[in-house]
Amino acid sequence: MTLPPEITIGELAGRSGVPASALRFYERQGLIDSRRTTGNQRRYARATLRRVAFIRAAHHLGIPLSVVGEVLALLPAGEAPTREFWARASACWSAELDSRIERLERMRDRFTRCVGCGCLSFQECALVNPGDVLSGEGAGARRLFDGVTPPG
Ligand code: FES
């Protein structure tokens, strides 16, 4: 049995588990593309399924859609990401993930020092004011009323 070369947005949503609204968003962002029928309905190349799988995998890794779009732009239009393409992209993102994990571990260490403390000190607490960077802005709670006139 030969599969049709194109699928509807409903079929793409059903096969990928991605809502049609998200698929239309991906299309507006240039991550996937479709052609329109004479009745103005979207038709996607079957290869779009793998593009959507690529987008979802990257999304679950926390890769920004703009970055995913830059990578997908390296593929010719309508072409599916291959296993090798995904391997290369994921290898590049692995370093970014490692860096993000290190940042989160540092944040967790700072947070661990805060657990049970409650001081919320601008001088002592590394989460409230890392490196006391707000001291140059003057005295008082510099972030508590961002964009809002303080009461009193
Ligand atoms: S709340 Fe006291 S050190 Fe963060």
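If you're wondering where the values come from, they're calculated on a predicted model, not measured in any experiment.

Caption draft 1: Inspection of the nonpolar core at higher detail. In terms of nonpolar packing, the biggest core is built from 24 residues, with Leu12, Leu23, Ile32, Phe54, Val68, Leu72 and Trp93 touching the most fellow members. Those elements giving two or more residues to this core turn out to be helix 1 (9-16), helix 2 (20-28), helix 3 (48-60), helix 4 (65-72) and helix 5 (83-114). Looking at this core element by element, the count peaks at 5 residues for helix 3. With sequence-adjacent residues up to four places away left out, Trp93 is seen in contact with Phe54, Ala58, Ile63, Val67, Val68, Val71 and Trp86.

Caption draft 2: Highlighting the environment of Arg100. Residue position: Arg100 is located in helix 5. Sequence separation between Arg100 and Gly62 is 38 residues; the distance between their C-alpha atoms is 9.8 Å. Not counting residues within four places of it along the chain, the set of residues in contact with Arg100 comprises Leu61, Gly62 and Ile63.

Caption draft 3: Spatial organisation of the confidence of the model for the chain. Of the residues in the chain, 85% reach a pLDDT of 70 or more, and the chain-wide mean stands at 86. The element-level mean pLDDT for the chain is lowest in helix 5, coming to 90, with helix 2 highest at 97.

Caption draft 4: Summary view of the sheet that holds strand 2 (residues 35-36). Here we have 3 strands laid out as an open sheet, ordered 1-3-2, and antiparallel in their pairing. Where the open sheet ends on each side, the last strands, each with one partner, are strand 1 (6-7) and strand 2. By the bridge criterion, 2 bridges tie strand 1 to strand 3 (residues 42-45) in an arrangement that is antiparallel. Counterpart to Ile7 in the pairing with strand 3 is Tyr44.

Caption draft 5: The pairing of strand 3, seen in detail. As paired strands, strand 2 and strand 3 are joined by 2 bridges and run antiparallel to one another. Bridge assignment links Arg36 to a residue of strand 3, and that residue is Arg42. The hairpin turn running from strand 2 into strand 3, its antiparallel successor, is 5 residues long, and Asn40 in that turn takes a positive phi close to 65°.

Caption draft 6: Highlighting the packing of helix 3 against helix 5. Two elements in contact, helix 3 and helix 5, have axes whose closest approach is 12 Å; the angle formed by their N-to-C orientations is 15°. Considering the angle they form, helix 3 stands roughly parallel to helix 5. The element helix 3 and its partner helix 5 pack so that their crossing is right-handed. Packed against helix 3, whose contacting residues are Arg50, Phe54, Ala57 and Ala58, the element helix 5 presents Arg83, Phe85, Trp86, Ala89 and Trp93 at the interface. Taken together, the residues that form the contact of helix 3 with helix 5 break down as 7 nonpolar, no polar and 2 charged.

Analysis parameters
For every chain, the first residue of the written sequence is number 1, and numbering continues from 1 onward in sequence order. Two thresholds apply to this predicted model, a pLDDT of at least 70 for residue-level local features and 80 or more for giving and counting side-chain atom pairs, whereas whole-chain, interface and lining totals are computed over all residues. Hydrogens and water molecules were not included; the side-chain quantities draw on all heavy atoms of the structure. Grouping buried Ala, Val, Leu, Ile, Met, Phe, Trp, Tyr and Cys residues that are joined through side-chain atoms within 4.5 Å yields what is termed a nonpolar core. Here's how the labels work: a residue is buried when its accessible area is under 20% of the maximum for its type, exposed when over 50%, partly exposed in between, all with a 1.4 Å probe on protein chains only. Where helices and strands are cited, they refer to DSSP runs of H or I of at least four residues and of E of at least two residues respectively, numbered from the N terminus. Note on contacts: a residue pair is in contact if any heavy atoms of the two residues lie within 4.5 Å. Predictor confidence is given residue by residue as pLDDT, running from a minimum of 0 to a maximum of 100. A pair of strands is treated as paired once DSSP finds two or more bridges between them. Helix axes are fitted to C-alpha atoms over the stretch in contact, other axes to C-alpha atoms as well, and angles between N-to-C directions run from 0 to 180 degrees. Small angles under 35 degrees read as roughly parallel and large ones over 145 as roughly antiparallel, with 65 to 115 read as roughly perpendicular and the rest as oblique. Should the near helix be turned counterclockwise from the far one by less than a right angle, the crossing is left-handed, whereas a clockwise turn marks it as right-handed. By the convention adopted, Pro, Cys, Tyr, Trp, Phe, Met, Ile, Leu, Val and Ala count as nonpolar, Lys, Arg, Asp and Glu as charged, and the other residues, Gly among them, as polar.

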